[in-house]
Each structure stands twice: as C-alpha cells, then as structure tokens.
Amino acid sequence: MKQHLVTVVIPSYNHSKYIEKAIVSVFEQTYNNIELIVIDDGSTDESNKIISELANNYKFQYIHRENKGLIKTLNEALDLAHGKYFTMLGSDDYFDKYKIEKQVEFFEQNKDCALCYGNVTYINRDDKVLKKGKTKHFKSGYIFKDLLFKNFIPLPSVMIKTAIVREVGGFDERFFLEDYPLWLKIAKNYKIGFIKDSLTFYRLHDTNVSSNLIRMIKEVEAILKDWQDEPEYKKSINKLYLRWFNDLSKTDMVNEAKEYMYKSIKTSFYKPKFIKSFIRYVIKRYI
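None of these values were measured; they are calculated from a predicted model.

Reading the values: rules and limits
Residues numbered from 1 in each chain as written. Predicted model: local features only at pLDDT ≥ 70, side-chain atom pairs only at ≥ 80, totals over all residues. Heavy atoms only, no water. Disulfide = S-S within 2.5 Å. Buried < 20%, exposed > 50% of the residue type's maximum accessible area, 1.4 Å probe, protein only. Helix = DSSP H or I, 4+ residues; strand = E, 2+ residues; numbered from the N terminus. Pairing = 2+ DSSP bridges. Core = buried A, V, L, I, M, F, W, Y, C linked by side-chain atoms within 4.5 Å. Contact = heavy atoms within 4.5 Å. Axes fitted to C-alpha atoms, helices over the stretch in contact; angles between N-to-C directions. Parallel < 35°, antiparallel > 145°, perpendicular 65-115°, else oblique. Left-handed = near helix turned anticlockwise from the far one by under 90°. Nonpolar A, V, L, I, M, F, W, Y, C, P; charged D, E, K, R; others polar. Patch = residues over 30% accessible without salt bridge, like charges linked within 9 Å, V, L, I, M, F, W, Y side chains within 5 Å. Areas by Shrake-Rupley, 256 points an atom, 1.4 Å probe, with all protein chains shown as cover. Salt bridge = Lys/Arg side-chain N within 4 Å of Asp/Glu carboxyl O. Lys, Arg positive; Asp, Glu negative; His and termini not counted. Charge placed at Lys NZ, Arg CZ, Asp CG, Glu CD. Polar contact = N/O pair within 3.5 Å; in protein donor to acceptor, adjacent residues only side chain to side chain.

Caption draft 1: The state of the cysteines, seen in detail. This structure, assessed with the given rule, holds zero disulfides. Between Cys113, a cysteine without a disulfide, and Cys116, which holds the nearest cysteine sulfur, the sulfur-to-sulfur distance is 7.6 Å. Exposure remark for Cys113: the relative accessible area of 4% places this residue in the buried category.

Below you can see the structure in the form of structure tokens.
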C-alpha cells in the first residue's frame, strides 16, 4: 500500500483531561505518513501547556490563539493541510490504532469514493466502553437521498479526500454543526464508502452538542433548507417533523413540541407515532 500523506486535524477546546490521549493515539497509528495539526481554540484550562509539551516531544504543528469557534478552526486547518486525505479527531476522543491504515487501504481499493467512514465505540468520561454504533443504520454508495432523512455518518470515523473537501467549499460557517452540511455536499455528487470496523473511540458527556435537542432540531431544519428543491426534500422534512414532535413530546418543552405538532399534523395525524406523541403532549400541557 502506497503511503500517501494523511492530514489529521485536532481542534482543541478545554479538554485538558483528554487531549494527551487524543494526540498520542495519532502517533500510535500503524500507518506512518501522517501530518498532525492541532489548533487550540482559546482554551481556558491547562490545554495549552499540555499540548505545547507534547508538540515538543512529538513534533507536530501546533497553533494556540483566541477563540474563533469550531467551524473557523476546521477551515483554518484545511488551509494548512498538505495530505491527500483529511481526517478529524475531537480533542476528547481517540483513534483506534488501525484507523488510518484501514481507511487509506480502503481508498486505494475504492478510488471512486470521496469519503469513507466506519463504526465508532462510545465511551464515557472514564474511558469505559458503553456501546458501539448500530451497523444497520450505515449505508454506502450514492447515499445523498438517505442522508436527507438522517445523518448516520459518525464524524470521528470519517476520512475524506482533501481535494474534495476544498472543491465543495470546506466547512460551512453558517452552521454550528461541522459535519452534516459537508456530508450532504459531498454525497450529492460522489460515492461514500463504509468500513464495518470500529475506527474511533467517541466520548459521550454532557457537553456533547447533541445533548441540546431543540438546538439540534433547529440546526438540521436550517441545513436541509439548502436542499428544498430536491425531489426527496418534502418527504424527508415531513418525516423529520414527526420524529421531532415525538422526541419533544417526551420532554417538558411543551411550546416547542406544539410547534412541531403543527408542522407534522397535515401529513402524519393518522400515524400511530403522531397519536402517541399527541397524547403525551396533551398530558404534559393540560394535566
């Protein structure tokens, strides 16, 4: 297998407890030709001190500056990248040691793919394994239509051809989600590959963006508006409205639940999921 240069980007922010493990996992890869870029986005904890010491020991590119936000940080790293392939690692996650080797090998055998991804192993704050992703949700090939209904690609497991990321304009700074807009832009015109193995250890804790339900819903809704002229858009957004009403009906956010009840009622009022969600909503609001 040819050793093409792979750029690994770690955007760091206030993960002093975990950043060393993340960085070391890059240098423990079975693949050797790696360029590591670490950008600390204005951390207020001990991250800068820890990363500076590691940079002296491992000799990677390190930038420490004021806070600009995750998306700007990733675009800054993309501008600096020299690798044929581009992959990202959260500063609180870490790679399986075979991740990069397996993905470069995949690209060499599937040259028509622009992006490949795998499964992830979910861990807690103390590195205890919680679960693995359910492989039944993962798809490969021309999967743009599938992605309109659900973002099932785990960001920490992804590797992309750097030229393709640049071709589609990099990371979209209109949004706080770094992954979904990019996956859609790439999948619109290119094949996506799936590797069944678990490639990254992904940490779950209270500060994960996905813990803020209504913020996530509003973001996905805004992202999908870019694709409202696609034939599958109406079907996908109506399905999502019902899913979001169902999710919100299980919380105390009754006003938000009401909003998505009205958005889903025209196309889903007869469906069992809508009826169950409606009953939960009524109980929470009036009883």
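Let us keep going from here.
Caption draft 2: The pairing of strand 1 (residues 6-12), seen in detail. With seven of seven residues buried, strand 1 is to be regarded as a mostly interior element. Residues Val6, Val8, Ile10 and Ser12 line one face of strand 1 and the alternating positions Thr7, Val9 and Pro11 line the opposite face, and both faces are buried. Where strand 1 meets strand 2 (residues 34-41), seven bridges bridge the pair, whose relative direction is parallel. Bridge pairing in strand 2 places Val8 opposite Leu36.

Caption draft 3: Just the nonpolar core, in detail. Counting residues in each nonpolar core, the largest one holds 57 residues, and the members touching the most others are Leu115, Ile153, Ile160, Trp183, Leu184, Ile186 and Leu224. With near-sequence residues (within four places) excluded, Leu115 lies in contact with Phe107, Ile153, Val158, Met159, Ile160, Trp183, Ile186, Lys191, Ile192 and Gly193. Counting 26 residues, the second-largest nonpolar core is a separate cluster that includes Val6, Ala22, Tyr85 and Phe106.

Caption draft 4: Structural detail: the packing of helix 9 (residues 233-248) against helix 10 (residues 254-268). Where helix 9 meets helix 10, the axes come as close as 8 Å, and the angle between the chain directions of the two elements is 140°. With respect to each other, helix 9 and helix 10 are oriented oblique. Between helix 9 and helix 10 lies a crossing whose hand is left-handed. Across the interface between the two elements, Asn238, Tyr241, Leu242, Trp244, Phe245 and Leu248 of helix 9 pack against Glu256, Ala257, Tyr260, Met261, Lys263, Ser264, Thr267 and Ser268 of helix 10. When grouped by side-chain class, the residues that make up the contact of helix 9 with helix 10 number eight nonpolar, four polar and two charged.

Caption draft 5: Looking closely at a positive patch on the surface. Among the surface-exposed residues, Lys235, Lys239, Lys250, Lys271 and Lys273 lie close enough to one another that they form a single positively charged patch. By the secondary structure assignment, Lys239 is in helix 9.

Caption draft 6: Representation of the packing of helix 9 against helix 11 (residues 272-286) in the model. Between helix 9 and helix 11, the least distance of the axes is 9 Å, while the angle of their chain directions is 35°. Where helix 9 crosses over helix 11, the handedness of that crossing is left-handed. Here helix 9 contributes Leu242, Phe245 and Asn246 to the contact with helix 11, which in turn contributes Lys273, Phe274, Ser277, Phe278, Arg280 and Tyr281.

Caption draft 7: How the structure looks around the side chain of Asn124. The residue Asn124 is located in the loop between strand 6 (113-123) and strand 7 (129-132) in this model. At 2.9 Å, the side chain of Asn124 and the backbone nitrogen of Asp126 are in polar contact. If we skip the residues at most four places from it in the chain, Asn124 touches Leu130, Arg203 and Leu204.

Caption draft 8: Looking closely at the pairing of strand 7. Taken together, the three bridges between strand 6 and strand 7 define a ladder with antiparallel strand orientation. Residue pairing in the sheet places Tyr122 in a bridge with Lys131 of strand 7. Where strand 6 folds back on strand 7, the antiparallel hairpin that results is connected by five residues, among which Asp127 adopts a positive phi of roughly 70°.

Caption draft 9: Structural context of the pattern of salt bridges. Across all of its chains, the model carries 16 salt bridges by this definition. Between Asp41 and Arg65 there is a salt bridge, with the nearest N and O atoms lying 2.6 Å from each other. Note that Asp41 is positioned in strand 2 and Arg65 in strand 3 (residues 61-65), a separation of 24 residues in sequence. The exposure class of Asp41 is buried, given its relative accessible area of 6%. Note on Arg65: relative accessible area 10%, which makes it buried. Here Asp112 and Lys191 are joined by a salt bridge, their closest N and O atoms 3.0 Å apart. Here Asp112, found in the loop between helix 4 (99-109) and strand 6, pairs with Lys191, found in strand 9 (residues 191-203); they are 79 residues apart in sequence, far enough to count as distant.

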